[in-house]
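The lines below spell out each chain.
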Amino acid sequence: MTVTAVASTTHEEIYRVEDKACGLVGFIALHSTQLGPAAGGLRMRPYGSEDEALVDVKRLSEGMTYKNAAAGLALGGGKAVIIGDPATQKTPELLRAFARAIHSLEGRYYTAEDMGMSPADMAILAQETPYVAGLADGEFASGDPSPITARGIFNAIRTAQAHKSGSKDLTGLTVSVQGLGHVGYYLCGYLHEAGAKLIVTDVTQAQIDKAIAEFAATAVAPDEIYGVEADIFAPCAIGGILNAQTIPQLKVSIVCGGANNQLAGPADAQALHKAGILYAPDFVANGGGIINVATEIEQITNRADYVAEKLSALDLTMASILNQAKVEDQSPDAVAITTVLAKMARQNAA
């Protein structure tokens, strides 16, 4: 196995990881360790190229810096990706090899479950390194972070709705959900319980069928989700989906979901703002998962109380960002970034 440093002017450390024996190629990116060790999940996707994977890990790790700061955690931002199809190319040997690469960073980066990974996969990584969270078993095991992530997004949707209408009540509202993975499906459950109507899409028909049966959801094709009429759009799949092509199609008043890096670029935040669509910054809305993971990294004994307290504080942060954005007539994303950078600066000065 080889771990090779990749030059960067935007990140503290980036490494390319390769093990030809098991077919492993991936990257680990540490964007910032200013607030503590870098933390962020490991995802496995069939990227089209190494360049595509590198761009993704850089954006994701930067987003983790903002997410961890917004959640008030003593953690920096990092992320890791493996190039490959998790359904057909993920093996214990590949996971253990990548774990050894993580271990070589000597605690500067902690990983956890992300797209294409499960708590069982984290257990395999933990055979080679202690710098793994999201485990199903153990004294401080936090398990699958998806339910907590979804709960935080649900809170953010209600806060955004209250900001728009004056009420958090979702009864009778229509929410279009893109992506029915772990987080998206749990979110659908919360929304259904709250009385919302669901329009869903996913690349896996079995997940769509489940949502139709369990939540009385209406299904549309993946490329049709942007143009459906709904009150709220919840992107819970891949990033970069809010762009010059999709934003003009939106027929919603709020965008709030679980996907990381939903905006293709800063201009898209402004485009949503000009269109009168309230965008709840993703790195604030989806911070519940890393809060849950942090209990394991920091070895918190009263996990339930810690998570509840941090989720409540995160919801207040979202409300503050949306209110400030309204007063200043700015996009919430710009305000959110300014807010977390100021928080980091204060903590650094202290």
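To be clear, the structure that these remarks concern was listed above.
Residues numbered from 1 in each chain as written. Predicted model: local features only at pLDDT ≥ 70, side-chain atom pairs only at ≥ 80, totals over all residues. Heavy atoms only, no water.

Enquirer: Please clarify how the overall build of the chain should be interpreted in this entry.
Expert: Across its full length, the chain carries eleven helices and 13 strands. Whereas a compact globule of 350 residues would reach a radius of gyration of roughly 20 Å, the chain reaches 19 Å, a difference of no more than 12%. Referenced to the eigenvectors of the C-alpha coordinate spread, the extents of the chain come out at roughly 55 × 50 × 40 Å. Looking at the 350 residues of the chain, the share that counts as buried comes to 56%. At a minimum sequence separation of 6, the contacts of the chain that also span at least 24 residues come to 63%. (Helix = DSSP H or I, 4+ residues; strand = E, 2+ residues; numbered from the N terminus. Rg over C-alpha atoms; globule rule 2.2 N^0.38 Å. Buried < 20%, exposed > 50% of the residue type's maximum accessible area, 1.4 Å probe, protein only. Contact = heavy atoms within 4.5 Å.)

Enquirer: Can you walk me through the side chain of Lys 67 in this structure?
Expert: Within the secondary structure, Lys 67 is located in helix H1 (residues 50–70). Despite its burial, Lys 67 pairs with no opposite charge; the closest candidate is Asp 282, at 6.8 Å N-O. Once residues within four sequence positions are removed from consideration, Lys 67 is found in contact with Asn 260, Phe 283, Asn 286, Gly 287 and Ile 290. (Lys, Arg positive; Asp, Glu negative; His and termini not counted. Salt bridge = Lys/Arg side-chain N within 4 Å of Asp/Glu carboxyl O.)

Enquirer: What is the right way to read H1 from this model?
Expert: For an α-helix the count is 3.6 residues per turn, leaving residues at separations of three or four pointing the same way. Look at H1: 30 Å from first C-alpha to last across 21 residues, which is about the 30 Å you get at 1.5 Å a residue. Positive phi shows up at Gly 72, right after H1, with a value of about 70°. (Expected span 1.5 Å × (residues − 1).)

Enquirer: Would you mind showing me how to read unusual backbone geometry here?
Expert: With the exception of glycine, the majority of residues adopt a negative phi angle, and the majority of peptide bonds are in the trans configuration. The backbone phi angle of Asn 261 is positive, close to 55°, even though this residue is not glycine. Inspection of the secondary structure puts Asn 261 in the loop between strand S12 (254–255) and helix H7 (266–274). Judged by its relative accessible area of 13%, Asn 261 falls in the buried class. The phi dihedral of Gln 299 is positive, around 55°, even though this residue is not glycine. Mapped onto the secondary structure, Gln 299 falls in the loop between helix H9 (288–297) and helix H10 (303–328).

Enquirer: Explain the nonpolar core here, please?
Expert: Side chains of nonpolar character tend, in soluble globular proteins, to be buried together. Among the nonpolar cores identified, the biggest contains 91 residues, and Ile 28, Phe 98, Val 177, Leu 187, Leu 191 and Leu 198 are the most heavily contacted of them. Residue contacts for Leu 191: discarding those within four places in its chain leaves Phe 154, Ile 157, Leu 170, Val 175, Val 177, Ala 196 and Leu 198. In terms of nonpolar packing, the next biggest core, distinct from the first, is built from 18 residues, Ile 225, Tyr 226, Val 255 and Tyr 279 among them. (Core = buried A, V, L, I, M, F, W, Y, C linked by side-chain atoms within 4.5 Å.)

Enquirer: Just to check I follow, could you spell out the packing of helix H4 (residues 146–165) against H10 for this structure?
Expert: Helix-helix packing is described using two parameters, namely the angle between the two axes and the distance between the axes. At a minimum axis separation of 10 Å, H4 and H10 run at an interaxial angle of 35°. As for how H4 packs across H10, the hand of that crossing is right-handed. Contacts from Ile 148, Arg 151, Gly 152, Asn 155, Ala 156, Thr 159, Ala 160 and His 163 of H4 reach H10 at Val 307, Leu 311, Asp 315, Met 318, Ala 319, Leu 322, Asn 323 and Lys 326. Residues of the contact of H4 with H10, tallied by class, amount to eight nonpolar, five polar and three charged. (Axes fitted to C-alpha atoms, helices over the stretch in contact; angles between N-to-C directions. Left-handed = near helix turned anticlockwise from the far one by under 90°. Nonpolar A, V, L, I, M, F, W, Y, C, P; charged D, E, K, R; others polar.)

Enquirer: What is the right way to read the packing of aromatic side chains from this model?
Expert: Aromatic ring pairs are defined here through the distance separating the ring centres and the angle between the ring planes. The tally for this structure, following the rule as stated, stands at five aromatic pairs. Pairing Tyr 66 with Phe 283 gives two aromatic rings, centres 5.5 Å apart and planes at 50°, and the pair type is tilted. In this pair, Tyr 66 sits in helix H1 while Phe 283 sits in helix H8 (residues 282–285), placing the two residues 217 residues apart along the sequence. Exposure remark for Phe 283: the relative accessible area of 6% places this residue in the buried category. Between Tyr 185 and Phe 215, the aromatic rings sit 5.0 Å apart at their centres with planes inclined by 50°, giving tilted as the arrangement. (Phe/Tyr/Trp six-rings, centres within 6.5 Å; stacked < 30°, edge-to-face > 60°.)

Enquirer: Even after reading the chapter, I still don't get the sheet that holds S12, so can you show me in this structure?
Expert: By definition, the strands of a sheet pair up through backbone hydrogen bonds, in either a parallel or an antiparallel sense. Pairing within the open sheet is parallel, and its six strands lie in the order S10-S9-S8-S11-S12-S13. The strands lining the two open edges of the sheet, one partner per strand, are strand S10 (218–219) and strand S13 (278–279). (Pairing = 2+ DSSP bridges.)

Enquirer: What am I meant to see in the pairing of strand S11 (residues 232–235) here?
Expert: On a regular strand, one side chain projects to one face of the sheet and the next to the other, so that they alternate. Every second residue of S11 is oriented toward a common face, with Ile 232 and Ala 234 on one face and Phe 233 and Pro 235 on the other, all of them buried. Relative to S11, strand S8 (residues 174–178) is paired through four bridges, and the arrangement is parallel. Counted as the bridge partner of Val 175 is Ile 232 from S11. Looking at chain direction, S11 and S12 are connected through two bridges and run parallel. Along S12, the bridge assignment pairs Ile 232 with Ile 254.

Enquirer: Help me out: how do you make sense of helix H5 (residues 182–193) in this one?
Expert: For H5, with twelve residues, the first-to-last C-alpha span of 17 Å sits near the 16 Å given by 1.5 Å per residue. Considered for burial, the residues of H5 that qualify are Val 183, Gly 184, Tyr 185, Leu 187, Cys 188, Tyr 190 and Leu 191. Those residues of H5 that are buried lie in contact with H4, S8, strand S9 (197–201), helix H6 (205–215) and S11.

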